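Residue strings, one per chain:
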Amino acid sequence: MKKGRFAINVINVIIPLLLAFAIGAIFTLIIGYNPLEVYGIIINEGVTTKPGRMQTLGFATPLMLTGIATVFAFQAGLWNLGVEGQMYIGALVAALVGGGYFCFGRMPGILLIPIALLLAACFSMVYAMIPAFMKAYLGVNEVVTTIMLNYAAINLTSYFVKAFFQGSATYDTTETILDAAIIPKLNSRYRVTYALFIALVIILIVWFIAKKTKFGYEIRAIGLQMEFAEAVGMRVRKKIILIFMISGLIAGIAGGTEILGVNKSFVPNFSTNPGLGWQGYFIAVLSRNNHIAVLIIAIIFGGFRYGSIAAQSKLGIPMDLLNIIQGSLILFYAITYINENTDLFKGFVRRIE
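Here goes a summary of the coordinates provided. (Residues numbered from 1 in each chain as written. Predicted model: local features only at pLDDT ≥ 70, side-chain atom pairs only at ≥ 80, totals over all residues. Heavy atoms only, no water.)

Comments concerning the side chain of His291
The topology assignment puts His291 in helix α12 (residues 291–315). Taking the relative accessible area as the measure of exposure, His291 reaches 3% and is therefore buried. Apart from the residues within four sequence positions on either side, His291 is in contact with Ile68, Val71, Gln75, Ile203, Val206, Trp207, Ala210 and Lys211. (Helix = DSSP H or I, 4+ residues; strand = E, 2+ residues; numbered from the N terminus. Buried < 20%, exposed > 50% of the residue type's maximum accessible area, 1.4 Å probe, protein only. Contact = heavy atoms within 4.5 Å.)

As structure tokens, then:
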């Protein structure tokens, strides 16, 4: 049976991938390019060269964090679709601390990075508590509240920058963060920073919590049957709030590390289309709450992002092509193509076994 299930899982991964690439190829042909040439550049630039791999890891780092933040909530059956907004809150807070606002510039330099990330995580965590309390005590659907709060956070942070924290640049941005607050790069030539190791540690911690602790068991129990979990005394309301808090905390770290390591200041709408938080949601859906899969898929998305930038530079193709492929992946992965209980494939599974 195990071999049959493994074969089904592999096929369920391959079919959507092929269909998504087929859709991407169709649009590539429509805009007048050779799909083989375009995909060749994307794969070659994002995977086969050392500079490409380093840049891929740089683009993948925030996606690892937003992906695992989303998965943490998904495991409990909670749809935290507000990671994008929570990330914006954390990003602005990190920019203000790192930029020396509110007397933070007089702090010892060695403390700036940890304090900036800590405060970014705390403010994002508090912001995530808004939909958590509404879900736990008012029964408000968290899908609606988290999506709405995304737009609130994006517009609120933009307003704060324009009204109170405008830097010396001619465009809307905070002051450039201080040198002591910059998360160092692994190599000055590439995008990837030491935030990569922060992301890996957080994924490991979330995996440990989910698989090795009582709290992880309770999260899974709530995800399977919330009413039963409440009936056996798991204090579901408090758990909902705690789960949202941790998810928001990770989202804040994602925003903070991106500002301190890559952007060096907060610019309104800094998150790339369709947004780092939304891409984290895509990754969570594709991973099916598997922590290792989050890591792998985030790297794949990072490779697509950098490979697409390279293809745009060399061929002039629009970046929207990547968004089409990602959207197609979500669409096709929403369908279970082969189910082990489907009569059509029972004979196939028996032959494998």
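Examining empty space enclosed by the protein
Scanning the model with the defined rule gives 1 cavity of 30 Å³ or more in all. Roughly 50 Å³ of internal volume is contained in the largest cavity. Of all elements in the fold, only α3 (50–74) and α10 (236–263) reach the threshold of two or more residues within the lining of the largest cavity. In the lining of the largest cavity, the residues fall into 4 nonpolar, 4 polar and 2 charged. (1 Å grid on protein atoms, 1.4 Å probe; cavity = no way out; pocket = protein on both sides within 12 Å on 5 of 7 lines; lining within 4 Å. Points joined across faces, edges and corners; volume = space filled by probe spheres on them. Nonpolar A, V, L, I, M, F, W, Y, C, P; charged D, E, K, R; others polar.)

A few points about the layout of surface pockets
Remark: the empty space left among the atoms is shown by a probe the size of a water molecule rolled over them. Computed from the structure, the second largest pocket encloses a volume of approximately 290 Å³. Around the second largest pocket sit 15 residues that line it, and Ile89, Leu92, Val93, Leu96 and Phe123 are the ones nearest its centre. Broken down by secondary-structure element, the contributors of at least two residues to the lining of the second largest pocket are α4 (83–98), α5 (109–138) and α6 (142–163). With 5 residues, the single largest contributor to the lining of the second largest pocket is α4. Of the residues assigned to the lining of the second largest pocket, the class counts are 14 nonpolar, 1 polar and no charged.

Re a nonpolar patch on the surface
Together, Ile26, Phe27, Ile30 and Ile31 make up an exposed nonpolar region whose accessible area comes to about 380 Å². Tracing the backbone shows Ile31 in the loop between α1 (2–30) and α2 (35–48). Judged by its relative accessible area of 40%, Ile31 falls in the partly exposed class. (Patch = residues over 30% accessible without salt bridge, like charges linked within 9 Å, V, L, I, M, F, W, Y side chains within 5 Å. Areas by Shrake-Rupley, 256 points an atom, 1.4 Å probe, with all protein chains shown as cover. Salt bridge = Lys/Arg side-chain N within 4 Å of Asp/Glu carboxyl O.)

Re the environment of Ile324
Its place among the elements puts Ile324 in helix α13 (residues 320–333). Overall, Ile324 belongs to the partly exposed group, its relative accessible area being 28%.

Re α6
In this model, α6 (22 residues) spans 30 Å end to end at C-alpha, consistent with the 32 Å of a helix rising 1.5 Å per residue. For α6, every residue scored as buried is listed here: Glu142, Thr145, Thr146, Leu149, Asn150, Ala153, Ile154, Thr157, Ser158 and Val161. Its buried side turned inward, α6 meets α4, α5, α10 and α11 (276–287). Its side-chain oxygen 2.7 Å from the backbone nitrogen of Val143, Asn141 forms the N-cap of α6. (Expected span 1.5 Å × (residues − 1). Polar contact = N/O pair within 3.5 Å; in protein donor to acceptor, adjacent residues only side chain to side chain.)

Things to note about unusual backbone geometry
For residues besides glycine, phi is generally negative; the peptide bonds are generally trans as well. Even without being a glycine, Cys103 presents a positive backbone phi close to 70°. If you trace the backbone, Cys103 turns up in the loop between α4 and α5. When its relative accessible area of 46% is taken as the criterion, Cys103 is described as partly exposed.

Section: the pattern of salt bridges
All chains considered together, the criterion is met by 5 salt bridges. Between Glu45 and Lys314 there is a salt bridge whose closest N-O contact spans 2.6 Å. Residue Glu45 is located in helix α2, and its partner Lys314 is located in helix α12; the two are separated by 269 residues in the primary sequence. Accessibility expressed as a relative area gives 14% for Glu45, which makes it buried. Residue Lys314 is classed as exposed on the basis of its relative accessible area of 53%. Among the ionic pairs, Lys162 bridges to Asp172, the shortest N-O distance being 3.9 Å. Remark: Asp172 occurs in the loop between α6 and α7 (195–212) and Lys162 occurs in helix α6; sequence separation between them is 10 residues.

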